[in-house]
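Residues per chain, in single letters:
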Amino acid sequence: MTDSPLSTRELYDRFVIPTYGRFDLQLVRGEGCAVWDESGRRYLDFGAGIAVTSVGHGHPRVVSVMREQLGKLVHTSNLYYTRPQALLAELLVRLVVPDSDVEGRGKAFFCNSGAEANEALYKLARKFGNEGQSPAPRHAAGELRESLPYRREIITMLGSFHGRTLGGISATGQEKVKKGFEPMVEGFVHVPFNDGPELLAAVQAPGTVAILLEPVQGEGGVNVASPEFLRQARGLCDQHGLLLMFDEVQCGLGRTGDWCGWKSILGTDEVLPDAVSWAKGIAGGFPLGAIWVSSRPVRLKNGASIPLCDLLGPGTHGTTFGGTPLVCAGALEVLSVIEDEGLLENARVLGVYAREALEGLRSPLIREVRGLGLMLAFELATDFAERAGLDGRRPASLFLVDALHQEGLLTVPSGAQAVRWLPPLNVSRAEIDEAAAIVGRVLARLESRAEE
Ligand SMILES: Cc1ncc(COP(=O)(O)O)c(C=O)c1O
């Protein structure tokens, strides 16, 4: 690798397009739940690359499998068949539909990121709405009205985040990501999260084709869907012939203590969506996105019936890198480690432990701790900026994340007022104690500053 006389920071300032507000840390190495910077300083990693390094940095089993696959076959394109992709597809279907016989219970598609996985969901919904028969919609009062030749509108939630592609920012229910990039892709409407009456009103529109939601909103501040809202969404989709699609990019594959975030919320298998997207933790840090699509039958306009998971047929969608043998071998090993090391249970039990550790700080600077499993956020007091003596130019969350860095803890801001804990799923009690002690120390210092 070539080197340079410039520092890493100087190289970024000169040569990297400044799309990110980065923290002033230059990281070089990771092991388990810790990372080290260029000066050799250790940090406890409670961000895990924003919920990505799900089994920690450099897990020996993942390293060994990927090293072997690296020497065997990295890439072939999707013109051919490769066994790791086939096995991973079977595993993902099994995680959504845990029956012993999963054949015919849906299929997977592979891409490279969360935004891309969601793009596949939007295209699935478009095709379903354009080529599927539109059931005659009903008014709220129950009477039938004329059906449309096609349906294109996807309902998403306010406060959601679905990625940074043009489709992703159009789907996202936050104005700040859209600003400056208008016009948006048409066909998305947003309703308030967990608001049953608003959802009910929105599905009445005859052009509605799908509902897309994060069972636990991540970027929007770690907001958990209520069980009633998930049940209602399923019921409305059944009633109106819509697709129910879950964005599990951040909350899926173990983070909440179950393979499926929505099952953690409901505690049962009672709700089965029609499609799910994943990315982030799926391959422990290697770029991979995926979707699962159910096999429920779709009646097409020409009268034929096909499984939903075969609607995106040959030539309709694709990507060069999606699902390479290298990344799929890595993902298979990451998901096996989660299973073999009991990390779903760890996420459940230590999620409660971590929440209690934060609540136990009893800091007046923390207003609330919320989340599910190891997807937690603590909301800062409304007067945090004032109490901490900030001049109001920097959001409270960024200020605190910076202060925690200085004490050796990486966390992730969530909006202006909340800070997320998203440690690897194999985090230990001792590491949670260490992280909580750092948060406690930094907050106590800010409290005493306020009292001076
Ligand atoms: C719920 C959710 N969906 C989609 C995305 C986009 O994923 P990616 O950044 O891999 O494109 C994110 C990223 O934060 C996310 O949290």
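Asks: Tell me about the overall build of the chain, and name the residues and values.
Replies: Counting its regular elements, the chain contains 15 helices and 19 strands. Along the first, second and third principal axes, the C-alpha set of the chain runs to 70 × 55 × 45 Å. Expressed as a percentage of the 452 residues in the chain, the buried residues total 50%. When contacts within the chain are restricted to residue pairs at least 6 apart in sequence, long-range pairs at least 24 apart make up 68% of them. For the chain, the exposed area adds up to about 20,600 Å²; of that, 53% sits on carbon and sulfur atoms. In the chain, which carries 45 positive and 55 negative side-chain charges, the distance between the mean positions of the two groups comes to 3 Å.

Asks: Break down the environment of Glu219 for me, with residues and values.
Replies: With respect to the element layout, Glu219 can be found in the loop between β8 (216–217) and β9 (223–224). The spatial distance from the C-alpha of Glu219 to the C-alpha of Gln250 is 8.9 Å, given a sequence separation of 31 residues. Not counting residues within four places of it along the chain, the set of residues in contact with Glu219 comprises Ile50, Phe161, Gln174, Gln250, Ser414, Gly415 and Arg420. In this structure the side chain of Glu219 is engaged in a polar contact, spanning 2.8 Å, whose partner is the side chain of Arg420.

Asks: Talk me through helix α4 (residues 83–96); I want residue IDs and the actual numbers.
Replies: The terminal C-alpha atoms of α4 lie 20 Å apart, and with 14 residues this matches the ideal 20 Å at 1.5 Å per residue to within 8%. Of all the positions in α4, only Pro84, Leu88, Ala89, Leu92, Val93, Leu95 and Val96 are classed as buried. Down the axis, α4 shows its buried residues gathered within 170° of arc, on one side only. Tucked inside the fold, the buried residues of α4 contact α3 (60–72), β4 (107–111), α10 (261–266), β11 (275–278), β12 (289–293) and α11 (325–340).

Asks: If you had to explain the side chain of Arg420 to someone new, which residues and values would you point to?
Replies: For Arg420, the position within the fold is in strand β19 (residues 418–421). Overall, Arg420 belongs to the buried group, its relative accessible area being 0%. For Arg420, the residues in contact, after removing those within four places along its chain, are Phe46, Ile50, Gly218, Glu219, Val222, Gln250, Leu376, Ala377, Thr411, Val412, Pro413 and Ser414.

Asks: Can you explain the packing of aromatic side chains? Please cite residues and give values.
Replies: Applying the stated rule across the entire model yields six aromatic pairs. On the basis of an interplanar angle of 90° and a centroid distance of 6.5 Å, the ring pair of Phe378 and Trp421 is categorised as edge-to-face. Placement of the pair is Phe378 in strand β16 (residues 375–380) and Trp421 in strand β19, with a sequence separation of 43 residues. Of the two residues, Phe378 and Trp421, neither departs from the other in class, the shared state being buried. Both rings, one in Phe384 and one in Phe399, keep their centres 6.5 Å apart while their planes meet at 65°; by these two values the pair is edge-to-face. Separated by 15 residues along the polypeptide, Phe384 in helix α13 (residues 384–387) and Phe399 in helix α14 (residues 396–406) bring together distant segments of the chain. Among the aromatic residues, those joined into a ring-pair cluster are Phe46, Phe378 and Trp421. Over the face of the ring belonging to Trp36 we find Arg29, whose NZ or CZ atom lies 4.0 Å from the ring centre.

Asks: How would you sum up the site of the ligand? Please name residues and give values.
Replies: In the region of the ligand, 13 residues are neighbours, and Gly114, Ala115, Asp247, Gln250 and Lys280 sit closest. Between the ligand and Gly114, the relevant distance is 2.8 Å, taken from an oxygen atom to a main-chain nitrogen or oxygen of the residue. Here an oxygen atom of the ligand and a backbone polar atom of Ala115 are 2.8 Å apart. Against a free-state accessible area of 390 Å², the protein chains account for coverage of 82% of the ligand.

Asks: Which residues make up the nonpolar core, and what values go with them?
Replies: Across soluble globular proteins, nonpolar side chains have a tendency to be buried as a group. The biggest cluster of nonpolar side chains holds 100 residues, and the ones touching the most others in it are Leu92, Ile211, Phe378, Phe384, Leu400 and Trp421. Residue contributions to this core peak at nine residues, all from α11. With residues up to four places along the chain from it excluded, the contact list for Leu92 reads Ala108, Phe110, Leu253, Trp278, Ile282, Ala290 and Leu335. Judged by nonpolar contacts, the second largest core, of 24 residues, contains Leu121, Leu212, Leu243 and Leu308.

Asks: Residues and numbers for the sheet that holds strand β10 (residues 243–247), please.
Replies: Ordered in space as β4-β12-β11-β10-β7-β5-β6, the seven strands form an open sheet in which the pairing is mixed. Each of the sheet's edge strands pairs with one partner strand only, and the pair in question is β4 and β6 (188–191). Taking the axes of each pair of neighbouring strands and ignoring which way they run, one obtains an average angle of 20° across the sheet. In the sheet, β11 pairs with β12 via four bridges, with the strands oriented antiparallel. Bridged to Trp278 within β12 is Ala290.

Asks: I'd love a proper account of empty space enclosed by the protein, names of residues and values included.
Replies: Taken as a whole and assessed by the stated rule, the structure comprises two cavities of 30 Å³ or more. Put simply, the largest cavity is a space of about 70 Å³. Considering the residues around the largest cavity, the lining is formed by Ala51, Ser54, Val249, Gln250, Gly252, Leu253, Arg255, Ala279, Lys280, Gly281, Ile282 and Leu425. In the lining of the largest cavity, the residues fall into six nonpolar, four polar and two charged.

Thresholds, definitions, all that
- Residues numbered from 1 in each chain as written.
- Predicted model: local features only at pLDDT ≥ 70, side-chain atom pairs only at ≥ 80, totals over all residues.
- Heavy atoms only, no water.
- Helix = DSSP H or I, 4+ residues; strand = E, 2+ residues; numbered from the N terminus.
- Buried < 20%, exposed > 50% of the residue type's maximum accessible area, 1.4 Å probe, protein only.
- Contact = heavy atoms within 4.5 Å.
- Areas by Shrake-Rupley, 256 points an atom, 1.4 Å probe, with all protein chains shown as cover.
- Lys, Arg positive; Asp, Glu negative; His and termini not counted.
- Charge placed at Lys NZ, Arg CZ, Asp CG, Glu CD.
- Polar contact = N/O pair within 3.5 Å; in protein donor to acceptor, adjacent residues only side chain to side chain.
- Expected span 1.5 Å × (residues − 1).
- Arc of directions from axis to C-beta.
- Phe/Tyr/Trp six-rings, centres within 6.5 Å; stacked < 30°, edge-to-face > 60°.
- Lys NZ or Arg CZ within 6 Å of the ring centre and 35° of its normal.
- Near = heavy atom within 4 Å.
- Core = buried A, V, L, I, M, F, W, Y, C linked by side-chain atoms within 4.5 Å.
- Pairing = 2+ DSSP bridges.
- Axes fitted to C-alpha atoms, helices over the stretch in contact; angles between N-to-C directions.
- 1 Å grid on protein atoms, 1.4 Å probe; cavity = no way out; pocket = protein on both sides within 12 Å on 5 of 7 lines; lining within 4 Å.
- Points joined across faces, edges and corners; volume = space filled by probe spheres on them.
- Nonpolar A, V, L, I, M, F, W, Y, C, P; charged D, E, K, R; others polar.

So far we have only geometry, and geometry alone does not tell us how the molecule works.
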